[in-house]
Amino acid sequence: MSRKTYASALEAVLAPMGFIRRVKDYAPHEPEWFRMIGDIRESVGLQRSMDFGTTCNLWTRDTALTALHQAAIPWDPQAGTWSVACRIGALMGDGMTDHWWKNDPNGPDEVAAAVREHAEGYFARFRTPEDQARNMYGRYTEGRRYPGTAVALAVTLYRLGELDEALRVLEPRAKLTPPDWVRRMDSVQAWLQARRDEVG
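A brief structural summary. (Residues numbered from 1 in each chain as written. Predicted model: local features only at pLDDT ≥ 70, side-chain atom pairs only at ≥ 80, totals over all residues. Heavy atoms only, no water.)

Concerning the nonpolar core
Core analysis: the largest hydrophobic core is formed by 47 residues, its most contacted members being Leu-10, Cys-56, Leu-58, Val-115, Leu-170, Val-188 and Leu-192. If near-sequence neighbours (up to four positions away) are discounted, Leu-170 is found in contact with Ala-150, Val-151, Ala-154, Met-185, Val-188, Gln-189 and Leu-192. (Core = buried A, V, L, I, M, F, W, Y, C linked by side-chain atoms within 4.5 Å. Buried < 20%, exposed > 50% of the residue type's maximum accessible area, 1.4 Å probe, protein only. Contact = heavy atoms within 4.5 Å.)

Following this line, the structure appears as C-alpha cells:
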C-alpha cells in the first residue's frame, strides 16, 4: 500500500471545502489550493525544506483591495498584490508559532487535521473591510505602523468611507522609512485627497 502524502491528505480535506488544487510551475513540489469567497482569495499551500521538513501556510487576499491599491499607486506593478499569511503552527495552540514535520509518518494526517480544525476560523477573520482593518492592519492598535501596513489600512479605511481617518494613518512617518515606501505613501495620500475633493 502506498504511503499517504501531504498533498493527498490536504486534498481530502480541502476539496469538500471548495478549494481547487493548483500546481505552481516554479515549485511543483509545493502545491497550493485556493477558493474565492466573493472578492477574497483564500489559499492553503505546502512548503518544503530539506532542513526542516514540511509545513503548511494559509494566505488571504482581497482582490477588490488590490484593485484600489493599483489605482492609488499606478506606477507600482506590485501594488496590493501581497497577501496576509499564517503558518498552520501558529494556529494549533501548542505554544509554537512554527511547526514542521520531518520524517514523521503521522505528518500528513496531522497537517490535514490542523487545517480542518483551524482554517475556516482563520479565514473568517478577514472577509469584510471592517474585519481587515481590525484584524489585518491594526486599526485600533496604538503606535507606529510599518509603511506597508499603513498603506493597506489607509486604503481599507477609504473603502469604509473614513477618508479623514485614512489620511491620518499616513502621518507622521518614521524618519527611516525607505524611499520607495515614502513614494507609495505620497501616492496614496494624493489619491485619497483627490477622492475627498471629489465629494466636497
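Looking at the packing of aromatic side chains
Under the counting rule described, the total for this entry stands at five aromatic pairs. For the ring pair Tyr-158 and Trp-191, a centre distance of 4.8 Å and an interplane angle of 65° mean the geometry is edge-to-face. Residue Tyr-158 is found in helix H5 (residues 147-159), and its partner Trp-191 is found in helix H7 (residues 179-198); the two are separated by 33 residues along the sequence. Put simply, the rings of Phe-19, Tyr-122, Phe-123 and Phe-126 touch in pairs and so form one group of aromatic residues. Here the basic side chain of Arg-41 rests over the ring of Phe-34, its NZ or CZ set 4.1 Å away from the ring centre. (Phe/Tyr/Trp six-rings, centres within 6.5 Å; stacked < 30°, edge-to-face > 60°. Helix = DSSP H or I, 4+ residues; strand = E, 2+ residues; numbered from the N terminus. Lys NZ or Arg CZ within 6 Å of the ring centre and 35° of its normal.)

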